[in-house]
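# Fold and geometry: a report
The primary structure of each chain is shown beneath.
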Number of protein chains: 2
Amino acid sequence: MTKLNPATTALVVIDVQKGFLQREANGERRNNPEAVSNMARLLDAFRRRGMHVIHIRHASTNPGSLLRPELPGFASMDETREIGEEPVLVKSVNSGFIGTDLEQRLRNAAVDTVVLVGATTNHCVETTARLAGNLGFDARLVEDACYTFDRTGHGGRRESAEDIHAMTLSNLDGEFATIETTDSLLAALETSAAA
Amino acid sequence: MTKLNPATTALVVIDVQKGFLQREANGERRNNPEAVSNMARLLDAFRRRGMHVIHIRHASTNPGSLLRPELPGFASMDETREIGEEPVLVKSVNSGFIGTDLEQRLRNAAVDTVVLVGATTNHCVETTARLAGNLGFDARLVEDACYTFDRTGHGGRRESAEDIHAMTLSNLDGEFATIETTDSLLAALETSAAA
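These numbers were taken from a predicted model, which means no experiment stands behind them.

Thresholds applied
Residues numbered from 1 in each chain as written. Chains lettered and ligands numbered in written order. Predicted model: local features only at pLDDT ≥ 70, side-chain atom pairs only at ≥ 80, totals over all residues. Helix = DSSP H or I, 4+ residues; strand = E, 2+ residues; numbered from the N terminus. Rg over C-alpha atoms; globule rule 2.2 N^0.38 Å. Buried ≥ 20, exposed ≤ 12 C-beta atoms within 10 Å, placed from the backbone. Contact = placed C-beta atoms within 7 Å. Pairing = 2+ DSSP bridges. Axes fitted to C-alpha atoms, helices over the stretch in contact; angles between N-to-C directions. Least-squares fit on C-alpha atoms with pLDDT ≥ 70 in both. pLDDT = per-residue confidence, 0-100. Nonpolar A, V, L, I, M, F, W, Y, C, P; charged D, E, K, R; others polar. Parallel < 35°, antiparallel > 145°, perpendicular 65-115°, else oblique.

Here we come to the overall build of chain A. Across its full length, chain A carries 6 helices and 8 strands. The helix and strand sequence of chain A, counted from the amino end, reads β-α-α-β-β-α-β-α-β-β-β-α-β-α. Over its C-alpha atoms chain A spans a radius of gyration of 16 Å, differing by no more than 12% from the 16 Å that the globule rule assigns to 195 residues. Across the 195 residues of chain A, 46% fall into the buried class. Contacts in chain A between residues far apart in sequence, at least 24 positions, make up 79% of those at least 6 positions apart.

Here's what the structure looks like:
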């Protein structure tokens, strides 16, 4: 098991916003039903240890988006809402590193390891993970604390959330990020605390 | 058909290096056998019109890579080699925008549209396309001028080059880039020239 240094590790919670609940309410099917509760478990573990937590929120400029900043869908889901002084960085593109001070904030805090959770796996989470890895961070994607939706892809291909999600994991694995589970991540924190 | 302004459009050729030929010679299977000849057709069309062409080359720091700068695999494939003053930008991560002056170079030249071709679809081409879109460029990925390889993915999933490639197109389509074909791109150039 990989250890984690609590002082140099940040949990980055990406776009866990109520607009995605509306997509489910509208009948869209997603994978990983336990993802948000896993995010909450990770948040709790990071907070109890006084570790870095950063929230990213998507303010869409797309007229049809449920994540426009003036809409109720922009709000954080209840389970993952920021507390205390936890920073909330607002972006309007997929990558959490573009149009925000995320990179500088991590470097100023001497963070070298970023634990990434959120939605959707293949868009904002994957893009942020690719950048995190390419910018030199030790990126850990928590596979059961992310999710995505079924869709009709390019050329009319029907793609399940599970297949889309799995391809993101394969694309990132070993090239941009280490794939973790909530349990593997929590165990790594326990090990580090005991060391 | 979308028009293209020849003065503000650049062809970006990503990692078309001999190391990928060695992977084929070593028995790895890829998709899009016509991809390199399509890249050559696009290069010819851009060059005949005096349009911007930028080459990106990957200098791997990975001990086992065929793309290490001191190895023969680092060299450009013959069909896509730079000519004249065409710039060659060298990077050591997946995104062509990290560790290079690609973004500044495009902005200095008033380029707003980037046509992306190269290898591999899901790693360096996709990462560069995600960044191009997120940085505000009109990104055009030419689906039959990119390719990738079969692999064993995360969790031991066997994934074909065709499925990996198709998922990249779906992930990018409409979110980060417009998916083009060599023919659609060449037709757009003809239309623009005639306008």
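All names here are of chain A. Sheet architecture is open: 6 strands sit in the order β3-β2-β1-β4-β5-β8, paired in parallel fashion. The two strands at the open ends of the sheet, each matched to only one other strand, are β3 (88–91) and β8 (178–180). Adjacent strand axes in the sheet meet at a mean angle of 25° when their direction is disregarded. The pairing of strand β1 (residues 9–14) with strand β4 (residues 113–119) spans 6 bridges and is classified as parallel. Directly across from Ile14, in β4, lies its bridge partner Gly118. Together, β1, β2 (52–58), β4 and β5 (138–147) form the strand contacts of helix α2 (residues 35–48), whose direction differs from that of β5 by roughly 135°.

Residue and element names in this part refer to chain B. Taking strand neighbours across the sheet as the criterion, the 6 strands line up as β3-β2-β1-β4-β5-β8 in an open arrangement whose pairing is parallel. A strand with exactly one partner marks an edge of an open sheet, and here the two such strands are β3 (88–91) and β8 (178–180). Pairs of neighbouring strands in the sheet enclose a mean axial angle of 25°, with direction left out of account. Two strands pair when backbone bridges link them, and strand β4 (residues 113–119) and strand β5 (residues 138–147) are joined in this way by 6 bridges, in the parallel orientation.

Right, let's get into the relation of the copies chain A and chain B. Once turned by 180° and shifted 0.0 Å along the axis, chain A lies on chain B with an RMSD of 0.0 Å. Considering both components of the superposition, the chain copies are consistent with a two-fold axis.

Side-chain positions along a regular strand alternate between the two faces of the sheet. Residue and element names in this part refer to chain B. Extensive coverage of strand β1 (residues 9–14) is indicated by the burial of 6 of its 6 residues. Burial along β1 is two-sided: Thr9, Leu11 and Val13 facing one way and Ala10, Val12 and Ile14 facing the other are all buried. One ladder, built from 5 bridges, connects β1 with strand β2 (residues 52–58); its direction is parallel. Along β2, the bridge assignment pairs Ala10 with His52.

Quick look at the confidence of the model for chain A now. Should the pLDDT be low somewhere, the predicted coordinates at that spot are not to be read in detail. Summing up the model confidence of chain A, the mean pLDDT is 96 and the portion of residues at 70 or higher is 98%. Among the scores for the predicted complex, ipTM is 0.95 and pTM is 0.96.

What follows deals with the interface of chain A and chain B. On the side of chain B, 23 residues touch chain A, which itself brings 23 residues to the contact. For the side of chain A that touches chain B, the secondary-structure elements that each account for two or more residues are α4 (121–134) and α5 (161–172) of chain A. Partitioning the side of chain A that touches chain B into residue classes produces 8 nonpolar, 10 polar and 5 charged.

Let us now look at the packing of α4 of chain A against α5 of chain A. Residues and elements named next belong to chain A. It is the contact of α4 with α5, at a shortest axis distance of 10 Å, that shows an interaxial angle of 10°. One finds that α4 runs roughly parallel with respect to α5. Taking contact as the criterion, the partners of Thr121, Asn122, Glu126 and Ala129 in α4 are, on α5, Ile164, His165, Thr168 and Leu172. Within the contact of α4 with α5, the residues separate by chemical class into 3 nonpolar, 4 polar and 1 charged.

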